[in-house]
Amino acid sequence: DFARNYSLEIKDEVKSAIAGASSMQDEISRIGKIAEKYAGYSAYAKTQAEKDTAAGWVCDVWDCELNTLCTRIAGIPDDDKREELLTDQKNWNSMKDEVMANNIGGSEDNGSTYPVLESGFMENITQNRCNILANEIAKSRNENFKMPERSIYGTFVDNQGTGRMCSSLITREGEGDDNEAIISI
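If you're wondering where the values come from, they're calculated on a predicted model, not measured in any experiment.

**Student:** What's the story with the overall build of the protein in this structure? I'm lost.
**Tutor:** Check the secondary structure of the protein and you find 6 helices and 3 strands. The N-to-C order of helical and strand elements in the protein reads α-α-α-α-α-α-β-β-β. Here the C-alpha atoms of the protein give a radius of gyration of 17 Å, agreeing with the 16 Å that 2.2 N^0.38 yields for 185 residues. Taking the principal axes of the C-alpha coordinates as reference, the protein spans close to 45 × 45 × 25 Å. Counting over 185 residues, the protein shows a buried share of 37%. Considering only contacts in the protein between residues 6 or more positions apart, those separated by 24 or more positions represent 57%. When the accessible surface of the protein is totalled, it reaches about 10,800 Å², and 48% of it is carbon and sulfur. Of the charged side chains in the protein, 20 are positive and 33 negative; the average position of the first set lies 6 Å away from that of the second.

**Student:** What is the right way to read the pattern of salt bridges from this model?
**Tutor:** Pairing between side chains of opposite charge can happen when the charged atoms of each approach one another. Throughout the structure, instances matching the rule amount to 10 salt bridges. A salt bridge links Asp-26 to Arg-30, with the nearest nitrogen and oxygen atoms 3.0 Å apart. Of this pair, Asp-26 and Arg-30 both sit in helix α2 (residues 24-40), 4 residues apart, roughly one helical turn. Accessibility expressed as a relative area gives 33% for Arg-30, which makes it partly exposed. The closest approach of N and O atoms between Glu-136 and Lys-139, which form a salt bridge, is 3.5 Å. With Glu-136 and Lys-139 both in helix α6 (residues 114-140), this residue pair falls 3 residues apart, about one helical turn. One network of salt bridges, with partners in common, ties together Lys-81, Glu-84, Glu-136 and Lys-139.

**Student:** Looking at this structure, I do not really get the nonpolar core. What am I missing?
**Tutor:** Counting residues in each nonpolar core, the largest one holds 41 residues, and the members touching the most others are Ile-10, Tyr-38 and Val-61. Looking at this core, the elements that each hand over two or more residues are α1 (7-20), α2, α3 (48-73), α4 (79-104) and α6. Take this core: its biggest share by element is 11 residues, from α3. Each residue touching Val-61, except ones within four places of it in the same chain, is listed here: Ile-10, Val-14, Ile-31, Ile-34, Ala-35 and Tyr-38.

**Student:** I keep staring at the side chain of Ser-168 and nothing clicks. Help me out?
**Tutor:** Mapped onto the elements of the fold, Ser-168 is located in strand β2 (residues 167-173). Using a relative accessible area of 5% as the deciding quantity, one classes Ser-168 as buried. Excluding residues within four positions of it along the chain, Ser-168 makes contact with Asn-102, Phe-156, Val-157, Ile-182, Ile-183 and Ser-184.

Scoring rules and cut-offs
- Residues numbered from 1 in each chain as written.
- Predicted model: local features only at pLDDT ≥ 70, side-chain atom pairs only at ≥ 80, totals over all residues.
- Heavy atoms only, no water.
- Helix = DSSP H or I, 4+ residues; strand = E, 2+ residues; numbered from the N terminus.
- Rg over C-alpha atoms; globule rule 2.2 N^0.38 Å.
- Buried < 20%, exposed > 50% of the residue type's maximum accessible area, 1.4 Å probe, protein only.
- Contact = heavy atoms within 4.5 Å.
- Areas by Shrake-Rupley, 256 points an atom, 1.4 Å probe, with all protein chains shown as cover.
- Lys, Arg positive; Asp, Glu negative; His and termini not counted.
- Charge placed at Lys NZ, Arg CZ, Asp CG, Glu CD.
- Salt bridge = Lys/Arg side-chain N within 4 Å of Asp/Glu carboxyl O.
- Core = buried A, V, L, I, M, F, W, Y, C linked by side-chain atoms within 4.5 Å.

Set out below in structure tokens:
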């Protein structure tokens with residue numbers, strides 16, 4: 001039902017996944033399954049608006065997980081590491097829209113597909129951010145955490161310790177299966 005607001009269900013499912021997880025690795029795996037469930041709904045989308053809505057649900061799953069991970073950073077016993085992670089998270093939050101615009105362009109460049117592109121990009125970087133924070137929390141608990149294999153495509157940002165993007169490297173598949181790199185300074 002694309003008219004339905006799944007926000008509360010997503011929060012409850014994420015909360016339940018966290019409560020039932022035996023480790024940070026297990027938690028991220030459980031969250032991934034929730035995201036897959038909502039991604040499956042897009043197969044039933046008939047209109048662009050329904051595709052936009054379905055794409056947003058998956059992004060909401062990872063955003064909800066990110067919010068819970070951010071609150072758990074406060075439990076990291078190492079003061080320096082905790083402050084570093086909190087600063088990094090503030091910087092990530094302040095740069096994510098600019099990084100997205102550099103990657104996918106604006107709505108005027110993409111027309112009606114922009115919301116799906118926006119949700120997909122935000123899902124990807126938010127999931128990546130969740131993995132980074134989960135790894136750090138796992139380290140503070142003396143747990144093992146295996147980071148997912150990195151793609152050759154991605155965005156690499158240098159903020160020089162600030163909350164703004166100073167330079168970036170974007171690698172992606174171009175036209176005709178060529179690889180392309182975009183460097184911004």
